[in-house]
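Examination of the molecular architecture
One-letter residues, chain by chain:
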Amino acid sequence: MAYSAEIRNKAKRILEKRHDSAVMLADERASEIRMEIPEINEIQAGLSQVGLEISKLFFYKENTDEKIAELRAKSHALIDERSRLLKAHGYDENAMKPQFVCEACEDRGYINGRMCSCHRQLLKDIMRKEVSRLAPLDRCTFDNFSLDYYSEQPMENAIIPKKRAEKIFDTCRKYAQNFSLHSKNLLFFGGAGLGKTHLSLAVMNVVINKGFDVCYGTSQNICDDLQSEQFGRVDDLTYTKAQVMGCDLLVLDDLGTEIDNQYSIATLYNIINTRILSGKPTIISTNYSMIDLEKKYDKRITSRLTGEYIPFYFIGNDIRNIK
């Protein structure tokens, strides 16, 4: 589970801004308080002196415990006096201290070399925001996926759309709950408006909450950006080769909508093959049938889709039209 350098750097900048802002505001408040309550200056000077004397004592090996105890008692007395003065003038006793978003790590992101929970949550929030720029992530969850739009009437092949949808839904939810770097690849077939994208994003929602690095995009947009990157046109790219190949979970939506040329086919093959070889899970959705895909692509692609992906066939009527 390794976030991209871009996500990590964004989190780092946010944490630095939080920390620096808290310290700066605390310094401004402290200056105002010292002007209003001159006695605070003497107390602060006394605390600094006590800290200096305690530091000096650590260089001595004998008779230091009693002296340190005395100095600490003096420090506590000064702090108590400062608190009394602050309260007497209508301030909180911690008014001169920085008010960090996370007091545990003081907005540094780490505690004794270990990543703080606030840092982990920030990475998830940034990841969610990045995906939400490209897809309706918040509107596509397992909780708001309705099976009521699928018919209970058997089709000509005797398959009941609702029962099929229930099975796919349960499988996807278990897949998301148990997701790991060793999860299988999924391939969603079916016409437009049958819930393929919704369930893909529902899986992604859960995977993001687990702290994994994800990437979502349509086949056309990803192919366009990776081809632009290959030819050196790197301005305003949404997707990069490193991101698409390296993320923990890739959702490649609308396979078959990319421009039909050799560059796109080569790009798709590279994405699919590279992620299979590196063992990174991918979810692909398409409105094409497997027969149509075999007509559109060469066997290098279709053989990998049939051999390395678990297929799910969505059936029924376009939910968007029903709504």
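Residues numbered from 1 in each chain as written. Predicted model: local features only at pLDDT ≥ 70, side-chain atom pairs only at ≥ 80, totals over all residues. Heavy atoms only, no water.

Another point: the overall build of the protein. Counting its secondary structure elements, the protein contains twelve helices and seven strands. Relative to the compact-globule value of 20 Å for 323 residues, the protein shows a C-alpha radius of gyration of 29 Å, a clear excess of over 25%. On the principal axes, the C-alpha backbone points of the protein span a range of 90 × 45 × 40 Å. Put simply, the protein has 323 residues, and 43% of those count as buried. Considering only residue pairs separated by 6 or more positions, the protein has 76% of its internal contacts joining residues 24 or more positions apart. (Helix = DSSP H or I, 4+ residues; strand = E, 2+ residues; numbered from the N terminus. Rg over C-alpha atoms; globule rule 2.2 N^0.38 Å. Buried < 20%, exposed > 50% of the residue type's maximum accessible area, 1.4 Å probe, protein only. Contact = heavy atoms within 4.5 Å.)

The tally for this structure, following the rule as stated, stands at nine aromatic pairs. With a centroid separation of 5.6 Å and an interplanar angle of 80 degrees, the aromatic rings of Phe142 and Phe169 are classed as edge-to-face. Of this pair, Phe142 sits in the loop between helix 4 (117–132) and helix 5 (161–177) while Phe169 is found in helix 5, placing the two residues 27 residues apart along the sequence. Among the residues examined, Phe169 registers a relative accessible area of 8% and is labelled buried. Looking at Arg300, its charged tip hangs above the ring of Tyr269, at a distance of 4.1 Å from the centre. (Phe/Tyr/Trp six-rings, centres within 6.5 Å; stacked < 30°, edge-to-face > 60°. Lys NZ or Arg CZ within 6 Å of the ring centre and 35° of its normal.)

Let's shift gears to unusual backbone geometry. Negative phi characterises most residues that are not glycine, and trans characterises most peptide bonds. Positive phi outside glycine occurs at Asp236, with the angle close to 60 degrees. Position of Asp236 among the secondary structure elements: in the loop between helix 7 (219–230) and helix 8 (241–246). The residue Asp254 is not glycine, and still its phi comes out positive at about 60 degrees. Relative to the elements of secondary structure, Asp254 occurs in strand 5 (residues 249–255).

Turning our attention to the sheet that holds strand 7 (residues 309–313). One open sheet holds the five strands; their spatial order is 4-5-6-3-7, and the pairing between them is parallel. The strands lining the two open edges of the sheet, one partner per strand, are strand 4 (214–218) and strand 7. Across this sheet, the average inter-strand angle for adjacent strands is 15 degrees, counted without regard to direction. Two strands pair when backbone bridges link them, and strand 3 (residues 185–189) and strand 7 are joined in this way by five bridges, in the parallel orientation. Across the sheet, Leu186 pairs through a bridge with Ile310, a residue of strand 7. Strand contacts of helix 5: strand 3, strand 5, strand 6 (282–286) and strand 7, with the helix running at about 145 degrees to strand 7, the strand carrying the most contacts. (Pairing = 2+ DSSP bridges. Axes fitted to C-alpha atoms, helices over the stretch in contact; angles between N-to-C directions.)

Buried together is how nonpolar side chains tend to be arranged in soluble globular proteins. If you look at the biggest cluster of nonpolar residues, it comprises 41 residues, and the most contacted ones within it are Leu199, Val203, Met204 and Leu249. Where this core is concerned, the elements lending two or more residues are helix 1 (5–36), helix 4, helix 5, strand 3, helix 6 (196–209), strand 4 and strand 5. Tallying contributions element by element places helix 6 first for this core, with seven residues. Ignoring anything within four residues of it in the chain, the contact list for Met204 reads Val131, Leu137, Val214, Cys215, Tyr216 and Val251. Formed by 26 residues, the second largest nonpolar core is a distinct cluster that contains Tyr239, Leu250, Ile276 and Tyr297. (Core = buried A, V, L, I, M, F, W, Y, C linked by side-chain atoms within 4.5 Å.)

With that out of the way, let us pick up the side chain of Asn185. With respect to the helices and strands, Asn185 occurs in strand 3. One polar contact links the side chain of Asn185 to the main-chain amide nitrogen of Thr282, over a distance of 2.9 Å. Engagement of the side chain of Asn185 in a polar contact is seen with the backbone oxygen of Glu308, the distance being 3.3 Å. Ignoring sequence-local partners within four residues, the contact set of Asn185 consists of Ile276, Lys280, Pro281, Thr282, Glu308, Tyr309 and Ile310. (Polar contact = N/O pair within 3.5 Å; in protein donor to acceptor, adjacent residues only side chain to side chain.)

Orientation of helix 1 relative to helix 4, taken along the N-to-C sense of each, is 125 degrees, at an axis distance of 9 Å. Considering their axes alone, helix 1 and helix 4 lie oblique with respect to each other. Helix 4 is crossed by helix 1, and the crossing has right-handed handedness. On helix 4, the residues touching Ile7, Arg8, Lys10, Ala11, Ile14, Leu15 and Arg18 of helix 1 are His119, Leu122, Leu123, Ile126, Met127 and Glu130. Classifying every residue of the contact of helix 1 with helix 4 gives eight nonpolar, one polar and four charged. (Parallel < 35°, antiparallel > 145°, perpendicular 65-115°, else oblique. Left-handed = near helix turned anticlockwise from the far one by under 90°. Nonpolar A, V, L, I, M, F, W, Y, C, P; charged D, E, K, R; others polar.)

With that settled, consider the environment of Ser21. Residue position: Ser21 is located in helix 1. When its relative accessible area of 32% is taken as the criterion, Ser21 is described as partly exposed. For the pair Ser21 and Pro98, spaced 77 residues apart in sequence, the C-alpha to C-alpha distance is 8.7 Å.

Before going further, it helps to spend a moment on the state of the cysteines. Across all of its chains, the model carries zero disulfides by this definition. Looking at the unpaired Cys105, the closest cysteine sulfur is the one in Cys118, lying at 3.5 Å. (Disulfide = S-S within 2.5 Å.)

Our next topic: helix 5. Between its terminal C-alpha atoms helix 5 stretches 24 Å, which fits the 24 Å expected from 17 residues at 1.5 Å a residue. Those residues of helix 5 that sit buried are Pro161, Lys162, Ala165, Ile168, Phe169, Cys172, Tyr175 and Ala176. Axial view of helix 5: buried residues confined to an arc of 150 degrees, hence all on one face. Turned more than 90 degrees off the buried face of helix 5, the exposed positions are Lys163, Lys167 and Lys174. Check the buried side of helix 5 and you find it contacts strand 3, helix 6, strand 5, strand 6 and strand 7. (Expected span 1.5 Å × (residues − 1). Arc of directions from axis to C-beta.)

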